[in-house]
Amino acid sequence: MEALSAYSTPAQAGTDGGSLIFDRNAFSYGTAVSHNTNDSVFTVQEPGIYEVSFHGTLAPASGTTFPLQLLLYLQQQGNEVPGASVRQSFQTSTDVGNVSFSQIINVSSAPETLSVVGNGGNFTYSDVALTVQKVGDAAGTGS
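Definitions and cut-offs
- Residues numbered from 1 in each chain as written.
- Predicted model: local features only at pLDDT ≥ 70, side-chain atom pairs only at ≥ 80, totals over all residues.
- Heavy atoms only, no water.
- Helix = DSSP H or I, 4+ residues; strand = E, 2+ residues; numbered from the N terminus.
- Rg over C-alpha atoms; globule rule 2.2 N^0.38 Å.
- Buried < 20%, exposed > 50% of the residue type's maximum accessible area, 1.4 Å probe, protein only.
- Salt bridge = Lys/Arg side-chain N within 4 Å of Asp/Glu carboxyl O.
- Polar contact = N/O pair within 3.5 Å; in protein donor to acceptor, adjacent residues only side chain to side chain.
- Pairing = 2+ DSSP bridges.
- Axes fitted to C-alpha atoms, helices over the stretch in contact; angles between N-to-C directions.

1. A few points about the overall build of the chain
Right, so step 1: Regarding its fold elements, the chain presents zero helices and eleven strands.
Right, so step 2: For the chain, the C-alpha radius of gyration of 15 Å lies close to 15 Å, the compact-globule estimate for 143 residues.
Right, so step 3: Viewed in the frame of its principal axes, the chain has a C-alpha envelope of about 50 × 25 × 20 Å.
Right, so step 4: Each of the 143 residues in the chain was classed as buried or not, and the buried ones make up 45%.

If you want it as structure tokens, here you go:
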């Protein structure tokens, strides 16, 4: 098994089109996935099939116009990963949303980058975590 899990607990500002920052690494085993603390980018160092899981808490930023519709999604090499997204609607400044997604991805050539991006407006995020775990060899490689 090869895996890496990173998280961030203090509330941080999220911007429309910006990537979420993960300030700590919780668990790392093997060399297939790497992440630098206080960074948004995860690097997959080996081809393979990976399970990517995300969860966190969102809230609207101060000064937000309502309703606010946020979309968080996984990016792989700068492209949105189908099925790896979550949408949250806010009607008031006191609304809070717990969100999560999980998806299997194929990394056919390495290195490839992963990040979680927010769209729709400015928001705050806290108690976020992302886990990337290698679950098999790359599809179509026969290895």
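2. Some thoughts on the pattern of salt bridges
Where side chains of opposite charge bring their charged atoms close, a pairing between them can arise.
Right, so step 1: For the structure on display, the rule yields one salt bridge.
Right, so step 2: The residue Glu46 makes a salt bridge to Lys134 at a minimum N-O spacing of 3.1 Å. Note that Glu46 is positioned in the loop between β5 (42-44) and β6 (48-60) and Lys134 in strand β11 (residues 123-136), a separation of 88 residues in sequence.
Right, so step 3: Its relative accessible area of 17% is what places Lys134 among the buried residues.

3. Topic: the side chain of Gln76
Right, so step 1: With respect to the helices and strands, Gln76 occurs in strand β7 (residues 68-76).
Right, so step 2: Residue Gln76 is classed as buried on the basis of its relative accessible area, which comes to 14%.
Right, so step 3: Side-chain polar atoms of Gln76 contact the side chain of Glu112, separated by 2.6 Å.

4. Details of the sheet that holds strand β10 (residues 112-119)
In a beta sheet, neighbouring strands pair by backbone hydrogen bonds and run either parallel or antiparallel.
Right, so step 1: Taken in spatial order, the five strands make up an open sheet running β4-β5-β10-β7-β8, and their pairing is antiparallel. Strands at the two margins of the open sheet, each flanked by one partner only, are β4 (33-35) and β8 (79-90). Strand-to-strand twist in this sheet, taken as the mean axis angle between neighbours without regard to direction, amounts to 20°.
Right, so step 2: Two elements, β7 and β10, share six bridges in a ladder whose sense is antiparallel. Among the inter-strand pairings, Leu74 is bridged to a residue of β10, identified as Val116.

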